[in-house]
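Each chain, written out:
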Amino acid sequence: MLSVLMIGDIVGKPGRKSLADKLPKLLQRYAPDLVIANGENAAGGKGINEPIAKEIFDLGVDIITMGNHVWDNRDILRFIDETPRLIRPANFPEGAPGRGWVIHELRPGIRPFAVVNLLGRAFMNPVDCPFQAAARLYDEILKNSPSDKAPVLIVDFHAESTSEKETMGYFLAGKAAAVLGSHTHVQTADERVLSGGTAYITDLGMTGTRESVLGVKPEIMIRRFVHQLPVRHELEEGPGILSGVWIQIDEESGKATGITRFAEQ
Ligand SMILES: [Fe+2]
Ligand SMILES: [Fe+2]
């Protein structure tokens with residue numbers, strides 16, 4: 001059995017602290033072969049920079065995925081091309097810096113993983129079609145691999161809409177071992193294995209301060225929504241949460257057999 005952890009959006013310093021505090025216990029409990037985390041908000045809520053990417057890798061994360069905030073911290077433009085384990089959405093226009101997917105080799109003889117990052121379009125800024133990008137990458141990554149070495153495909157679908165995310169789950173059912181939603185920072189209780197052996201959850205939830213609005217100080221968000229004033233997002237501090245899922249994948253078939261949700265406090 002292959003064991004995979006995927007961790008939801010790490011929000012700023014409080015999120016990195018939650019990761020540092022709570023990931024070691026999960027590594028012990030689940031002994032994962034692969035750890036993926038969404039890092040689009042890791043630097044003060046806005047993008048990621050090189051020291052923070054290093055910090056997250058050093059804590060035991062193998063692959064960092066991103067999302068709509070990928071370019072918020074311009075430092076990423078300097079190092080993304082030399083950091084293959086940091087991936088950005090694959091459905092950005094041709095020529096965007098970095099890459100939208102990565103092959104992660106485990107051990108000789110064991111199928112490698114292919115981790116793909118996609119960005120949704122419903123209630124979000126315009127971007128290329130995530131479904132066409134998924135189909136194209138599936139062909140490119142899986143059909144061109146020898147069948148005994150075909151990578152186990154894991155997708156982080158970073159999107160706002162529950163329907164767009166469920167649709168992606170069914171679109172890739174039987175093709176990907178997992179389609180995992182990120183972006184809303186609120187964990188959903190709909191984790192399941194779709195027929196065809198695809199582990200699915202609409203949203204992994206957040207890694208950050210538990211008593212907050214998606215990581216931001218509630219009083220700031222109250223000012224924004226109640227008074228409709230422009231506000232500067234400041235991250236809340238306090239007890240943390242680490243959210244995500246643990247997936248079990250059959251090594252032989254490359255299909256998921258189980259998905260377990262966690263929200264460590
Ligand atoms: Fe996020
Ligand atoms: Fe996002």
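All values derive from a computational prediction rather than experimental measurement.

(A) Quick look at the packing of aromatic side chains. According to the stated counting rule, one finds 5 aromatic pairs in the structure shown. Centre to centre, the rings of phenylalanine 131 and phenylalanine 157 are 6.3 Å apart; their planes meet at 70°, and the pair counts as edge-to-face. Of this pair, phenylalanine 131 sits in helix H4 (residues 130–143) while phenylalanine 157 sits in strand S7 (residues 152–158), and the two are 26 residues apart along the sequence. The exposure class assigned to phenylalanine 131 is buried, which follows from its relative accessible area of 18%. Residue classification places phenylalanine 157 among the buried positions, given a relative accessible area of 1%. In this structure, arginine 85 packs its charged tip against the face of phenylalanine 57, placed 4.2 Å from the ring centre. One residue, lysine 175, lies across the ring of tyrosine 138, its end atom 5.6 Å from the ring centre.

(B) Examining the coordination of the iron ion (ligand 1) more closely. The protein atoms donating to the iron ion (ligand 1) are Asp9 (OD), Glu40 (OE), Asn41 (OD1) and His185 (NE2), with metal-donor distances spanning 2.1 to 2.2 Å. Coordination at the iron ion (ligand 1) is irregular, judged from the 4 donor atoms that bind it and the angles of 88 to 167° they form at the metal. Between consecutive donors of the iron ion (ligand 1), the numbers of intervening residues give the motif D-x30-E-N-x143-H. Metal-to-metal, the separation of the iron ion (ligand 1) and the iron ion (ligand 2) is 3.4 Å; glutamate 40 coordinates the two.

(C) Structural context of the sheet that holds strand S8 (residues 178–182). Read from one edge of the open sheet, 6 strands run S5-S6-S7-S8-S10-S9, paired in mixed fashion. On the outer flanks of this sheet lie strand S5 (101–104) and strand S9 (192–194), each paired with one strand and no other. Each strand axis lies, on average, 25° off the axis of its neighbour in the sheet, ignoring direction. Across 3 bridges, S8 lies against strand S10 (residues 198–201) in parallel orientation.

What counts and how
- Residues numbered from 1 in each chain as written.
- Chains lettered and ligands numbered in written order.
- Predicted model: local features only at pLDDT ≥ 70, side-chain atom pairs only at ≥ 80, totals over all residues.
- Heavy atoms only, no water.
- Phe/Tyr/Trp six-rings, centres within 6.5 Å; stacked < 30°, edge-to-face > 60°.
- Helix = DSSP H or I, 4+ residues; strand = E, 2+ residues; numbered from the N terminus.
- Buried < 20%, exposed > 50% of the residue type's maximum accessible area, 1.4 Å probe, protein only.
- Lys NZ or Arg CZ within 6 Å of the ring centre and 35° of its normal.
- Donors = N, O, S within 2.8 Å, 3.2 Å for Na, K, Ca; no water.
- Tetrahedral: all angles 85-135°; square planar, octahedral: opposite > 155°, others 65-115°.
- Pairing = 2+ DSSP bridges.
- Axes fitted to C-alpha atoms, helices over the stretch in contact; angles between N-to-C directions.

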